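Working through the structure, step by step
Residues per chain are reported as follows:
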Amino acid sequence: MINQQLFHTLHQLSRHLTNKLNETLKPLGLYGSQWAVIFVLNKKGSLTQKELCDYLFVEAPPMTRTIQRLVKQGYVKQVPGQDKREKHIQLTDEALREYPKWEQAVNKMNHDLLKYLSETSQEELFTLQNNWLQQLLKGAD
């Protein structure tokens, strides 16, 4: 029974956090799925669409739509790779200029949400989540 409750609570929490993120980013013209792509590209640089899909655990069709929206908004560009079929996705100069504003909004939201957890609880939660994720990733190989 605890398994069902654990996963139910995780799903509820995930949905709540996604909704909060979308509410935070909507006035800035973004959704959480777009922010995820922008955040990863800012941290990792140029990636292929497949690499983005694999990293974010998103299937190709929704990733294609997200990238198309970001291209239309002027936040990402597609650069041909060595293999003509492969395109690398990277942030535009406009996205790099806007990034601090988006990051500040997300950081404020995160801070507001974390006020309910002590610093020790935050560290414990991070450790549990990170360890679980690493084990799942190892099992996926």
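For the structure itself, look to the data block above.
Residues numbered from 1 in each chain as written. Predicted model: local features only at pLDDT ≥ 70, side-chain atom pairs only at ≥ 80, totals over all residues. Heavy atoms only, no water.

1. Remarks on the overall build of the protein
- Of the regular secondary structure elements, the protein holds six helices and three strands.
- When the elements of the protein are put in sequence order from the N terminus, they spell out α-α-β-α-α-β-β-α-α.
- Principal axes of the C-alpha set define a box for the protein whose edges measure 50 × 35 × 25 Å.
- Counting over 141 residues, the protein shows a buried share of 21%.
- Counting only contacts in the protein whose residues sit at least 6 apart along the sequence, the fraction spanning at least 24 positions is 49%.
- Put simply, the protein shows about 10400 Å² of open surface, and 55% of that area lies on carbon and sulfur atoms.
- Across the protein, the 18 positively charged side chains and the 15 negatively charged ones have centroids separated by 7 Å. (Helix = DSSP H or I, 4+ residues; strand = E, 2+ residues; numbered from the N terminus. Buried < 20%, exposed > 50% of the residue type's maximum accessible area, 1.4 Å probe, protein only. Contact = heavy atoms within 4.5 Å. Areas by Shrake-Rupley, 256 points an atom, 1.4 Å probe, with all protein chains shown as cover. Lys, Arg positive; Asp, Glu negative; His and termini not counted. Charge placed at Lys NZ, Arg CZ, Asp CG, Glu CD.)

2. So, the sheet that holds strand β3 (residues 87-91)
- Reading across the sheet, the three strands line up as β1-β3-β2 and stay open at both edges, with antiparallel pairing between neighbours. Bordering the open sheet on either side are β1 (47-48) and β2 (76-80), each of which pairs with just one other strand.
- Pairing analysis gives five bridges linking β2 to β3, with the strands arranged antiparallel. Paired with Val-79 across the bridge in β3 is His-88. (Pairing = 2+ DSSP bridges.)

3. Topic: the pairing of β3
- Two elements, β1 and β3, share two bridges in a ladder whose sense is antiparallel. Residue pairing in the sheet places Thr-48 in a bridge with His-88 of β3.
- In this antiparallel pair of consecutive strands, β2 and β3, the connection spans six residues.

4. Focus on the packing of aromatic side chains
- Under the defined criterion, the tally for this structure stands at four aromatic pairs.
- A centroid spacing of 5.8 Å and a plane angle of 45° characterise the contact between Trp-35 and Phe-39, whose relative ring orientation is tilted. Pair noted here: Trp-35 and Phe-39 are both in helix α2 (residues 32-44), with a separation of four residues, about one helical turn.
- For Trp-35, a relative accessible area of 7% gives the class buried.
- Seen from their ring centres, Tyr-75 and Trp-102 are 4.8 Å apart, and the 80° between their planes marks the pair as edge-to-face. With Tyr-75 in the loop between α4 (60-73) and β2 and Trp-102 in helix α5 (residues 93-114), this pair connects stretches of sequence that are 27 residues apart. For the pair Tyr-75 and Trp-102, a shared accessibility class is recorded, and that class is buried.
- By way of ring pairs, the aromatic residues Trp-35, Phe-39 and Tyr-99 are connected into one cluster. (Phe/Tyr/Trp six-rings, centres within 6.5 Å; stacked < 30°, edge-to-face > 60°.)

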